[in-house]
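Architecture and fold: a report
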Amino acid sequence: MRVGIGYDVHKLIENRDLILGGVLIPHNMGLLGHSDADVLVHAIMDSLLGAAALGDIGKHFPDTDEKYKGISSIKLLKEVNALLLNEGYKIGNIDATIIAQKPKLCNYIPQMRESISNALNINIDKINIKATTEEGLGFTGNETGISSQSISLIYRES
């Protein structure tokens, strides 16, 4: 068994969609980034790549490559899954947290779990997603950004 952690953060800006866990969230701001800036999926990808000692998303999907401009992070997650499968790994579980003052995300978590489980072709019960605020503190608390953390367990069957 191997464990990896992931972390991502993006700035909130106007005139951009807010996509978290592959789900479009109604909000007056979205996340700035080269791709769709889905901080949740980015953190999950980094935790999976880290567990397999395969580097990080910057190595595999550099923001200097135009083919990734505006790309869905769910599509990139499918590519990370292919890398894991190629190395003989299976996903044990993923536990992730989104840190955002607003919007409230609890009603969207079931859709996020489904989107991620479909992308990874794993049972939804292997994915846990939580959302929390920082009680008005820091960049997430003052609503200038959103961050996410993830931990993943992977394994090879004997």
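Just above sits the structure.
Given the structure is predicted, the values throughout are model-derived calculations rather than measurements.

Conventions adopted
Residues numbered from 1 in each chain as written. Predicted model: local features only at pLDDT ≥ 70, side-chain atom pairs only at ≥ 80, totals over all residues. Heavy atoms only, no water. Helix = DSSP H or I, 4+ residues; strand = E, 2+ residues; numbered from the N terminus. Rg over C-alpha atoms; globule rule 2.2 N^0.38 Å. Buried < 20%, exposed > 50% of the residue type's maximum accessible area, 1.4 Å probe, protein only. Axes fitted to C-alpha atoms, helices over the stretch in contact; angles between N-to-C directions. Parallel < 35°, antiparallel > 145°, perpendicular 65-115°, else oblique. Left-handed = near helix turned anticlockwise from the far one by under 90°. Contact = heavy atoms within 4.5 Å. Nonpolar A, V, L, I, M, F, W, Y, C, P; charged D, E, K, R; others polar. Phe/Tyr/Trp six-rings, centres within 6.5 Å; stacked < 30°, edge-to-face > 60°. Lys NZ or Arg CZ within 6 Å of the ring centre and 35° of its normal. Patch = residues over 30% accessible without salt bridge, like charges linked within 9 Å, V, L, I, M, F, W, Y side chains within 5 Å. Areas by Shrake-Rupley, 256 points an atom, 1.4 Å probe, with all protein chains shown as cover. Salt bridge = Lys/Arg side-chain N within 4 Å of Asp/Glu carboxyl O. Core = buried A, V, L, I, M, F, W, Y, C linked by side-chain atoms within 4.5 Å. Expected span 1.5 Å × (residues − 1). Polar contact = N/O pair within 3.5 Å; in protein donor to acceptor, adjacent residues only side chain to side chain.

**Thoughts on the overall build of the chain**
For the chain, the count of helices and strands is 5 helices and 7 strands. Moving toward the C terminus, one meets the helices and strands of the chain in the order β-β-β-β-α-α-α-β-α-β-α-β. Taking 158 residues into account, the globule formula puts the C-alpha radius of gyration at 15 Å, and the chain, at 15 Å, falls close to it. Across its three principal axes, the chain shows a C-alpha extent of roughly 50 × 35 × 25 Å. Taking all 158 residues of the chain together, 47% fall into the buried category.

**Thoughts on the packing of helix 1 (residues 39-51) against helix 4 (residues 109-120)**
Where helix 1 meets helix 4, the axes come as close as 12 Å, and the angle between the chain directions of the two elements is 40 degrees. As far as their axial angle goes, helix 4 and helix 1 are oblique. For the element pair helix 1 and helix 4, the recorded crossing hand is right-handed. Of the residues in helix 4, those in contact with L40, V41, I44 and L48 of helix 1 are M112, I116 and L120. Broken down by class, the residue content of the contact of helix 1 with helix 4 amounts to 7 nonpolar, no polar and no charged.

**Considerations on the packing of aromatic side chains**
Each pair of aromatic rings is reported with the distance of its centres and the angle of its planes. Under the criterion given, the structure shown has 1 aromatic pair. Geometrically, the ring pair formed by F61 and Y68 is edge-to-face, given 5.4 Å between the ring centres and 80 degrees between the ring planes. Taken as a pair, F61 and Y68 share a single burial class, namely buried. Between the NZ or CZ atom of R156 and the centre of the ring of Y89, over which it lies, the distance is 4.1 Å.

**With respect to a nonpolar patch on the surface**
Where nonpolar side chains cluster on the molecular surface, the patch consists of V3, I5 and I151 and spans about 300 Å² of accessible area. In this fold, I5 is placed in strand 1 (residues 2-13). A residue is classified by how much of its surface remains accessible, and I5, at 67% relative accessible area, is exposed.

**Here's the deal with the environment of I122**
Looking at where I122 falls in the secondary structure, it is placed in the loop between helix 4 and strand 6 (127-132). Sequence separation between I122 and H34 is 88 residues, and the spatial gap between their C-alpha atoms is 27 Å. Sequence-distant contacts of I122, defined by excluding residues within four places in its chain, comprise I91, S117 and I127.

**Looking at unusual backbone geometry**
Look at the link from K102 to P103: it is a cis peptide, with omega at 0 degrees. One can find P103 in the loop between strand 5 (90-99) and helix 4. Residues other than glycine seldom take positive phi values, yet E135 does so here, at roughly 55 degrees. Position of E135 relative to the elements: it lies in the loop between strand 6 and helix 5 (138-141).

**Some words on the nonpolar core**
For soluble globular proteins, the rule of thumb is that nonpolar side chains tend to be buried together. The biggest cluster of nonpolar side chains holds 44 residues, and the ones touching the most others in it are L20, L48, L77, M112 and I116. At 8 residues, helix 1 tops the list of elements feeding residues into this core.

**Observations regarding helix 1**
Turn by turn, an α-helix covers 3.6 residues, leaving residues three or four places apart pointing in a common direction. For helix 1, spanning 13 residues, the distance from its first C-alpha to its last is 18 Å, which sits close to the expected 18 Å at 1.5 Å a residue. Of all 13 residues in helix 1, 12 are buried; the element is thus mostly enclosed. Among the residues making up helix 1, those that are buried are V39, L40, V41, H42, A43, I44, M45, D46, S47, L48, L49 and A51. In the stretch just after helix 1, A53 is the one whose phi turns positive, near 55 degrees.

**Concerning the side chain of H10**
Locating H10 in the fold gives a position in strand 1. Within the structure, H10 has its side chain in polar contact with the backbone oxygen of L32 (distance 2.7 Å). A distance of 3.4 Å separates a polar atom in the side chain of H10 from a polar atom in the side chain of H42. Sequence-distant contacts of H10, defined by excluding residues within four places in its chain, comprise L31, L32, G33, A37, V39, H42, G145 and I146.

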